[in-house]
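Observations on the model geometry
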Amino acid sequence: MALRLYELTGEDPERRFSPYCWRSRMALAHKGLDAACIPWRFTEGEALAFSGQDKVPVLRDGETVVADSWAIALYLEQAYPDRPSLFGGDPAATRFINAWADATLNAHLVRLIVSDIPRWLGEGQRAYFRASREARFGQPLEQVTAGREQRLPEFRASLQPLRLLLRDAPFLGGEAPRYGDYAVFGGFQWARSVSELALLEPDDPVAAWRERMLDLFGGLARHAPAA
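Everything in this summary refers to the structure shown in the same document. If you're wondering where the values come from, they're calculated on a predicted model, not measured in any experiment.

1. Observations regarding the environment of Leu220
Assignment of secondary structure puts Leu220 in the segment after α9 (205–219). On the basis of relative accessibility, which here comes to 24%, the residue Leu220 falls in the partly exposed class. Counting along the chain gives 142 residues from Leu220 to Gln78, while the straight-line C-alpha distance between them is 24 Å. Contact partners of Leu220, with chain neighbours within four places excluded, come to Trp22, Arg25, Met26, Ala29 and Leu214.

Encoded structure:
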């Protein structure tokens, strides 16, 4: 059985906007592995019953099923050691970048872009998304993102660790991208897929890095639908 990656999509199955699914998609490309990308939507829990949980990404490789983007990266590194390494050795340092992207980058991003997501969803998914996220935030989505332009300087300041890493190399992983790049890029690609908000100043080194990431693997991410 060929590799299959189950990814979150909007009403348009080509608009794949989960930051975690993008991590896995880029990791597969890094390894040079072809995977059938299976679209999945918020209300289609039964389609993932085989995996024993209800979230994506889920990777199916023959009889092996792996859920969670970090677990998928570890699996790909172990199962395909003859292909380019995602970590360049011990994944512990990359784990820190992965955690930073979860706790800092994506936590900022969701409060900047969450109200832009419903327009890309079908009617059933839109109702589910709005109800579940408004319950999580305790307020309407529009209030979550209210005044976001005024909060952009705070968001941009939070990216200083990335600028320090990019001061001496074109990628967070050094001269070539590694999984830490994909962990961070997933958040930016999520935002690019659903929101027109200008997150970065044009002269920001992080913006230049994002452009390099968009061009990887024949423009894999650049060719994906964007807002």
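Once you've had a look at it, read on.
2. Describing the pairing of strand β3 (residues 58–61)
Looking at chain direction, strand β1 (residues 3–8) and β3 are connected through three bridges and run antiparallel. Opposite Tyr6, over in β3, you have Val58 as the bridge partner. As defined by bridge partners, β3 adjoins strand β4 (residues 64–67) across four bridges and the pair is classed as antiparallel. From the neighbouring strand, Leu59 faces β4, where its bridge partner is Val66. The antiparallel hairpin formed by β3 and β4 contains two residues in its connecting segment, where Gly62 sits at a positive phi of about 65 degrees.

What counts and how
Residues numbered from 1 in each chain as written. Predicted model: local features only at pLDDT ≥ 70, side-chain atom pairs only at ≥ 80, totals over all residues. Heavy atoms only, no water. Helix = DSSP H or I, 4+ residues; strand = E, 2+ residues; numbered from the N terminus. Buried < 20%, exposed > 50% of the residue type's maximum accessible area, 1.4 Å probe, protein only. Contact = heavy atoms within 4.5 Å. Pairing = 2+ DSSP bridges.

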